[in-house]
Number of protein chains: 2
Amino acid sequence: MVKDHTTEAKIKDAARNIFISKGFNGCTSREIAKEAGMNVALVNYYFKSKGHLFDIVVSSVMKEFTLSMIDIFKSNIPLINKTRIFIDKEYEFLSKHPEIPNFIITELGKKDKSFFELLDINNEIKEAKIFEQIEESQKIGEMRKIDIVSIMLLMMSNCHFPFIAKPMVQMINSLKDDEYEKQLVIHKQYVTEMIIGYLFPTK
Amino acid sequence: MVKDHTTEAKIKDAARNIFISKGFNGCTSREIAKEAGMNVALVNYYFKSKGHLFDIVVSSVMKEFTLSMIDIFKSNIPLINKTRIFIDKEYEFLSKHPEIPNFIITELGKKDKSFFELLDINNEIKEAKIFEQIEESQKIGEMRKIDIVSIMLLMMSNCHFPFIAKPMVQMINSLKDDEYEKQLVIHKQYVTEMIIGYLFPTK
DNA sequence: CACTAATTTAAACGTTTGTTTAAAGTTTTT
DNA sequence: AAAAACTTTAAACAAACGTTTAAATTAGTG
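The model shown is predicted, which means the values in this text are computed figures rather than measured ones.

Caption draft 1: Focus on the nonpolar core. The biggest cluster of nonpolar side chains holds 145 residues, and the ones touching the most others in it are Met168(A), Leu199(A), Met168(B) and Leu199(B). Non-local contacts of Met168(B), meaning those with residues more than four positions away in its chain, are made with Phe65(A), Ile104(A), Ile105(A), Leu108(A), Met156(A) and Phe161(B).

Caption draft 2: Examining the protein's contact with DNA strand C more closely. Near DNA strand C there are 17 residues, and of these Thr28(A), Ser29(A), Arg30(A), Lys50(A) and Tyr46(B) occur at the shortest range. Close to the protein, within 4 Å, the atoms of DNA strand C are drawn from sugar and phosphate at a rate of 53%. Thr7(B) places a polar side-chain atom, nitrogen or oxygen, 3.0 Å from a phosphate oxygen of DNA strand C. Secondary structure elements with two or more residues in the surface near DNA strand C: α2 (29-36) and α3 (41-46) of chain A together with α3 (41-46) of chain B. The element contributing the most residues to the surface near DNA strand C is α3(B), with four residues. When the residues that make up the surface near DNA strand C are grouped by side-chain class, the tally is eight nonpolar, six polar and three charged.

Caption draft 3: Representation of the pattern of salt bridges in the model. All names here are of chain B. All told, the structure shown has 19 salt bridges over all chains when counted by the stated rule. The residue lysine 188 makes a salt bridge to aspartate 88 at a minimum N-O spacing of 2.7 Å. With lysine 188 in helix α12 (residues 177-199) and aspartate 88 in helix α5 (residues 79-96), the pair connects residues that are 100 residues apart, well separated along the chain. Under the relative-accessibility criterion, aspartate 88 is labelled partly exposed at 38%. Glutamate 92 is paired through a salt bridge with lysine 96; the nearest N and O atoms lie 3.9 Å apart.

Rules used throughout
- Residues numbered from 1 in each chain as written.
- Chains lettered and ligands numbered in written order.
- Predicted model: local features only at pLDDT ≥ 70, side-chain atom pairs only at ≥ 80, totals over all residues.
- Heavy atoms only, no water.
- Core = buried A, V, L, I, M, F, W, Y, C linked by side-chain atoms within 4.5 Å.
- Buried < 20%, exposed > 50% of the residue type's maximum accessible area, 1.4 Å probe, protein only.
- Contact = heavy atoms within 4.5 Å.
- Near = heavy atom within 4 Å.
- Polar contact = N/O pair within 3.5 Å; in protein donor to acceptor, adjacent residues only side chain to side chain.
- Helix = DSSP H or I, 4+ residues; strand = E, 2+ residues; numbered from the N terminus.
- Nonpolar A, V, L, I, M, F, W, Y, C, P; charged D, E, K, R; others polar.
- Salt bridge = Lys/Arg side-chain N within 4 Å of Asp/Glu carboxyl O.

The following block contains the structure:
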């Protein structure tokens with residue numbers, strides 16, 4: 001995980017971990033400095049303010065979050081395979097970073113549109129030509145004719161929610177961490193089966 | 001929405017609105033008092049502390065949140081119909097209270113198990129005999145044989161996520177509020193079709 | 001009306017917050 | 001090696017925080 005040993009990188013790494021698990025308002029500058037093993041003033045020496053550091057972390061996390069998705073979008077394989085791999089990779093990514101979806105949703109809701117536009121994610125998605133592939137697949141009657149937003153919602157709902165709602169589902173069903181992990185492995189199969197079956201009814 | 005005109009109720013109502021939209025750490029006692037139109041000290045006069053008031057709000061919201069679900073569980077109708085109605089009622093409830101799922105998930109993750117046990121939700125679900133109905137439906141080959149946790153995850157994922165992830169999906173797709181609302185109406189139909197088709201393959 | 005209890009307010013409490021300052025330490029440059 | 005620039009620290013800053021206090025106001029009771 002540790003990419004760099006510079007002071008700046010130490011602060012950013014510490015901030016990333018703490019911001020993701022506690023949110024912007026849930027932690028203090030001193031807590032970040034302590035986690036990085038240094039003085040509070042250094043946080044503002046390298047990054048102008050707590051808010052500025054936070055914006056940098058959010059951008060970084062968003063980039064990492066979308067990168068894995070866009071990589072799959074770009075790959076030159078049939079849409080059905082791509083759908084399977086997407087679900088697979090999402091569960092893989094989220095198993096490693098289970099707190100990221102909740103972090104993004106909660107903290108992105110506070111930001112305005114201009115902040116999001118700076119990230120330039122939409123363009124990257126467009127360049128992946130995934131929309132064209134879906135349109136083509138729907139035209140030849142392979143994929144069910146559903147608008148792109150709903151497809152996105154179906155995929156993300158079934159991939160992200162199990163990680164987002166982990167504490168709630170664990171409480172309701174009295175499941176320990178390792179039990180919930182096992183549940184997720186099973187659930188991924190159901191999700192794949194259901195989504196493939198629905199989006200590609202002929203297969 | 002205003003149920004009562006007593007000072008205590010005013011504070012609780014104000015606290016509920018602010019806590020739900022900003023979270024525990026995202027607001028101050030003075031902000032709650034101002035929203036309720038009174039002095040800060042009254043918050044601690046009627047409710048011991050900010051934390052205590054918060055616990056009361058969380059409990060109240062959780063109760064309201066689960067009540068609508070359990071009502072459907074209890075009703076004496078076939079499981080397929082119950083599934084349709086469940087999705088319908090969830091979308092209806094969440095359209096009115098779109099911030100509640102995110103609130104519950106975020107803030108419940110900070111609480112420990114003992115807090116949840118006080119709410120006594122598990123017992124209410126058990127009394128609804130929904131598990132027995134599912135088991136029976138699976139036994140006669142009507143419902144696909146899937147464990148109860150995954151069924152719950154499938155239902156909740158596809159109902160809650162579209163509301164939880166609203167800001168993110170809106171940003172990615174450049175959708176205004178009213179456009180997203182229309183999207184949700186369409187999406188609910190897809191979700192219903194997909195889930196019914198998957199859970200009850202013979203129909 | 002007088003008296004008591006409950007309610008509401010303004011003010012202050014000690015902490016903690018994000019941020020800044022100024023000095024000390026370290027590295028780089030000349 | 002001296003000077004300049006960069007890095008790190010301890011200390012302090014004002015502002016905001018949750019909470020408490022004590023006085024003022026209102027409501028209830030005989």
